[in-house]
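Structural description and commentary
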Amino acid sequence: MCGKDLKIGAMKALILVGGYGTRLRPLTLSRPKPLVEFANKPMLLHQIEALVEAGVSEIVLAVSYRAEQMEQELSEEAKKLGVSLIFSHETEPLGTAGPLALARDILAASDEPFFVLNSDIICEFPFKELANFHRNHGKEGTIVVTKVEEPSKYGVVVYGDQGRINSFIEKPQEFVSNKINAGMYIFNPSVLKRIQLQPTSIEKEVFPGMATEGQLYAMELQGFWMDVGQPRDFLTGMCLYLSSLRQKSPGLLYSGSGVVGNVLIDPTASIGQGCRIGPNVTIGPGVVIENGVCVKRSTILRGATVKSHSWLDGCIVGWRSVVGQWVRMENTTVLGEDVIVKDELYVNGGQVLPHKSIGTSVPEPQIIM
Amino acid sequence: MLKAVILIGGPLKGTRFRPLSLDLPKPLFPVAGLPMIQHHIEACTNVPNLKEILILGYYPASDLAQFVSEMIQEYKINIRYLQEFTALSTAGGIYHFRDQIRCGNPEAFFVMNGDVCADFPLVEMLNFHHQKGDRALVTILSTEATRQQSLHYGCIVLDKDTSEIKHYVEKPSTFVSTLINSGVYLCSVEIFQTIAAVFNSRQQEYYDGGVNGRDTAVIHLEQDVLMPLAGTGRLFALQTNNWWSQLKTAGSAIYANRHYLELYRRRHQNRLALQVTESGDRKQCTVIGDVHIHPTANVHSSAVLGPNVSIGSGAVIGPGVRIRESIVLSGAHIADHSLVLHSIVGRGSKVGQWSRVEGTPCDPNPNKPFAKMENPPLFNSDGRLNPSITILGCSVTVPSEVILLNSIVLPYKELTRSFKNEIIL
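Here is what the cut-offs are and how they apply
- Residues numbered from 1 in each chain as written.
- Chains lettered and ligands numbered in written order.
- Predicted model: local features only at pLDDT ≥ 70, side-chain atom pairs only at ≥ 80, totals over all residues.
- Heavy atoms only, no water.
- UniProt positions renumbered as here; feature names shortened; annotations may be inferred.
- Helix = DSSP H or I, 4+ residues; strand = E, 2+ residues; numbered from the N terminus.
- Rg over C-alpha atoms; globule rule 2.2 N^0.38 Å.
- Buried < 20%, exposed > 50% of the residue type's maximum accessible area, 1.4 Å probe, protein only.
- Areas by Shrake-Rupley, 256 points an atom, 1.4 Å probe, with all protein chains shown as cover.
- Lys, Arg positive; Asp, Glu negative; His and termini not counted.
- Charge placed at Lys NZ, Arg CZ, Asp CG, Glu CD.
- Contact = heavy atoms within 4.5 Å.
- Buried area = accessible area lost by both parts, 1.4 Å probe.
- Salt bridge = Lys/Arg side-chain N within 4 Å of Asp/Glu carboxyl O.
- Nonpolar A, V, L, I, M, F, W, Y, C, P; charged D, E, K, R; others polar.
- Domains from an automatic or database assignment.
- Polar contact = N/O pair within 3.5 Å; in protein donor to acceptor, adjacent residues only side chain to side chain.
- Phe/Tyr/Trp six-rings, centres within 6.5 Å; stacked < 30°, edge-to-face > 60°.

Chain B is annotated in an unreviewed UniProt entry as Mannose-1-phosphate guanyltransferase alpha-A from Gryllus longicercus.

Taking an unreviewed UniProt entry as the reference, chain A is identified by name as mannose-1-phosphate guanylyltransferase belonging to Gryllus longicercus. The UniProt entry for chain A carries this comment under Sequence similarities (unreviewed entry): "Belongs to the transferase hexapeptide repeat family."

See below:
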C-alpha cells in the first residue's frame, strides 16, 4: 500500500490510549498518562517495548485528544526502537471498539493478525505466546485472561478446555470463573467486519457475538497483572512489577546500602546517609533523598527532593516536588508536579494538585486544589 | 517575719491531670524542668525575711518527703509538709494548722494555690499590703480575664482609687467583672480571727443540728472568708499584668512550660540550653528558642529541639530527632528520626524510629487580650474526643514508624500500631 514495502510477518498493534487519564490525576494534569513514568519508564513504553520485542513494527495509538508533547516524546522513543507510531485521533469518543474501525485501513492492510491492548495494563506481556496460541486455534480472535481473587467485582470469562469461550458474565454473584479479561487481544483483520465506525464497546457488543459463533478463544496469562490507571493500583502494580523484575533481571534492581527489598534507583539520583529505602520503591532521575529518610512502597518521580528524617509509605511524589524535613506522608498520598510540602507536616491520603505549597497538615484523605 | 503556705490538695484532686498524675503527685509534675511547686518555692525565696514555707495537702507524707528535703538543701530555707487528715479546703487547712503558721510570730503569710503557674510578684504584693496599713487583712493578687472566661473564676469589683474590694463573687453565672482572683494571697495573721469566727459559727450550727453531716472543719477561703470581707474595707486586690495560668489539664502544662522557659530567659539563663551559635560547640544539638535540657539527659548532636521544649533527667534523644512545644520526662527515650510535637512523653516511655507523636495545642487565643487556658472537657457534646495534646503516661512503648495523633495513652501500655484521637487504656 502507498508504495510501502510490507515485510512478511511484520505485525501491527493498536493501543487504546483514550482520554485525559483523569483517574490518575493529579499526575495527569502535568503529563499525559502514557508519559507518566511507571518504574522509571513512561507507562506506554512498557507496552511498546514488549510489542517490538514480539516483532511488531507498526503501532497505532488511539487517542481522543491531541497532545503535541506526547506525540513528540513517543515518536523519539519509537525511532530508537525502530517501530513506526501512528496517532489515530478520535473526534468523538468511540469506546473500546470504535477506534479499530477508525484505523481499519492500517489494520486491514495485510492478512496478519494484529494486537489490541488497553494502555493501563502492566504485566509480563505474553505477545509471542499470544500470537502462537492464536495461530494454533485458527479462529478470529483471542483474548488474554488473568486470574483474580474476587471475581464478583469484574466481568468473568467462561471457557472450555481448549480455551474456546462460551460466555461472559458481568459481576457474577455466584462463582462461575475466576478469570477476567486482561485487556489484551489478538484478532484477524476479518474482525473489522463486525465493527462500525461509531461508539462501540468491544467487550459488550463485539465479544459476545464472536463467542456465540465459536470464534473467540482465551489464553491464560502467567505471572502478575495490574490495571495501573489509578494511584492505589499504580503502587500495587509497581510492587508486582518489581518482584517480577527480581525474578527476571535482578541486576536492574538497586543493591546499595540502606536498601531493603526490591528497589529501582536511577543512577543520577542521590541517596543520603542513614536512609532506609524499600521495600518496593522506585526513584527517578535526578531525585535527591537526604539523610535519614525512610521510604516504603512509593514512587518518587524525576527531579523531586525528600529532605532529612522524613517518612513516606504508599506515596507518589510528583516531578520536581519538594518534601520537607520530618514530614510523614502515607495512605496513597499523591503530589502533583512541583508541589512543596513544608517541614514537619503530616499528609494522610492527600491528592495535591500541581504547583501547590502545603503549609498545614492534612490528617484525613483530601484533595488539595 | 513572713511565711508562705502552698496549698497542694491531695490525690483525689487533679483528676483532669491524668494520666500524668497517676504515677506522680500533680504538684511535683515537672514544668520547665522543675516540679510545679518548686516555682512557688523559688518565688518565695526571693522575698526578704520570708523564713518558712509550709506545704499543705493530704497526699501521704512519704510522697513529698524527698522533694521537701531536696528543696531545703537547694534553697537553705525552712520547708515543711503538713498533711491534712482529710480534705479541709483552702481556709480549713490553714485554720487547722494555725499554730504552725503563727509560731515564730510572722506579721503576715502568703497563701498560694499549688495549681497556678505565674510570674509571682510577691515582693510587689508585700509592699502593696504594707502601704494599706493595719486595715489590710488580705491582699488578693488579681489578673484580667475575658468577659466570657471570668465566669469560671472568682470575680472582683475594685474601687479604682483605693484598691479596696467592693464586691467578690465566686464563679458567677452572669458577668460581674473581668478582674479575677489568681489564687495567690497575702494575709495578715489577724485573718485567723475571721476564720475562727466562721469555724465557731459552723460548730454552733453543728450542735444546733443544721449541717447535715457536712464536715464542719471544711472552710472555703473564697466563699466563706473573702466574700463576707468584700466591702468591709479590709480586703484589697493588687492587679498584675504578669503572666498567669492555672494548671488544671495536662494540656495546660505545655502552655505553662513555655512561659516558665520564657521567664528563665530573663532570670535563669543557665537553665536554658545554649543555641549553637552561642556555644560554638559542634557536639551540641541544634536548639531553637527556649529549651531546657537536664544535665544528665543525652541528646544526640543531630537532634533539633525547640522552641519550648523541656527534656528531663536521663532522657535519651536519638540522632535526627525533632522535638517542638513538648515535655519529655525523665528516662524517656526517643529513637532516631522521630518527631514529637505538642506532646508530653511520660517517664521511661520509649518512642521508636521514624515515629510521629503529635498533639493539638489548646493555648489561649493569642488574638484576645487577657485570654486564659480554656481547659475544655475531654469529650465534646457529640461524645467525640476533643483534639488536645498527645500524652504518653509513664513507661509507654510506641513502636517505630507509627503516628500517634491527639491521643492519650495510660501508663505501661505497649502500642503496636498507629492511633488517632483515642484514649488508650
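**A closer look at the overall build of chain B**
Scanning chain B for helices and strands turns up 9 helices and 32 strands. For chain B, whose C-alpha radius of gyration is 23 Å, the value lies close to the compact-globule estimate of 22 Å for 425 residues. Referenced to the eigenvectors of the C-alpha coordinate spread, the extents of chain B come out at roughly 65 × 50 × 45 Å. Relative to its full complement of 425 residues, chain B shows a buried share of 58%. With an accessible surface of roughly 17700 Å², chain B has 49% of that area assigned to carbon and sulfur atoms. Across chain B, the centroid of the 38 positively charged side chains sits 3 Å from that of the 37 negatively charged ones.

**What to know about the side chain of His134 of chain A**
All names here are of chain A. Structurally, His134 is set in helix H5 (residues 127-137). By relative accessible area, which is 2% here, His134 ends up buried. Setting aside its immediate chain neighbours within four residues, His134 contacts Pro113, Lys139, Glu140, Gly141, Thr142, Ile186, Phe187 and Asn188.

**Side note on the interface of chain B and chain A**
At the junction of the two partners, chain B supplies 18 residues and chain A supplies 19 residues. In this assembly, chain B packs against chain A so that about 1400 Å² is buried in total across both faces, 48% of it on carbon and sulfur atoms. Interface area lost by chain B to chain A is led by Trp354, Arg356 and Glu401 of chain B, which between them contribute 45%. In this assembly, chain B and chain A are joined by 4 salt bridges. For the side of chain B that touches chain A, the elements supplying multiple residues, two or more each, are strand S20 (322-324), strand S23 (339-341), strand S26 (356-358) and strand S29 (403-405) of chain B. The residue makeup of the side of chain B that touches chain A, split by class, is 8 nonpolar, 4 polar and 6 charged.

**A short note on the domain arrangement of chain B**
Residue and element names in this part refer to chain B. Domain annotation for chain B reports domain 1 (2-246) and domain 2 (271-424). For domain 1 versus domain 2, the distance between C-alpha centres works out to 32 Å. If you look at the interface, domain 1 gives 24 residues, while domain 2 gives 23 residues. If you sort the residues of domain 1 by the area they bury against domain 2, Pro19, Asp23 and Gln149 come out on top, with a joint share of 27%. For the pair domain 1 and domain 2, the interface holds 2 salt bridges. For Arg347, the salt bridge goes to Asp23, with nearest N and O atoms at 3.1 Å. Between the two partners, domain 1 and domain 2, sit 2 residue pairs in polar contact (both at pLDDT 80 or more). Elements supplying a minimum of two residues to the side of domain 1 that touches domain 2: strand S8 (138-144) and strand S13 (244-246). Its residues assigned to classes, the side of domain 1 that touches domain 2 comprises 13 nonpolar, 7 polar and 4 charged.

**Things to note about the packing of aromatic side chains**
Residue and element names in this part refer to chain A. One pass over the full model with this rule turns up 15 aromatic pairs over all chains. With a centroid separation of 6.1 Å and 65° between ring planes, the pair formed by Phe114 and Phe187 is classed as edge-to-face. Separated by 73 residues along the polypeptide, Phe114 in strand S6 (residues 114-118) and Phe187 in strand S11 (residues 179-187) bring together distant segments of the chain. Since its relative accessible area comes to 1%, Phe114 is described here as buried.

**Comments concerning unusual backbone geometry**
Residue Pro26 of chain A is reached from Arg25 of chain A by a cis peptide bond, and omega for that bond is 5°. Backbone torsion omega between Gly306 of chain B and Pro307 of chain B reads 0°, so that peptide bond is classified as cis. Here Pro307 of chain B lies in the loop between strand S17 (304-305) and strand S18 (309-311). Of note in this structure, Arg320 of chain A is not a glycine but carries a positive phi near 60°. Relative to the assigned elements, Arg320 of chain A resides in the loop between strand S23 (315-317) and strand S24 (322-323). In this structure, Asn308 of chain B is a non-glycine residue whose phi angle is positive, near 60°. Locating Asn308 of chain B in the fold gives a position in the loop between S17 and S18.

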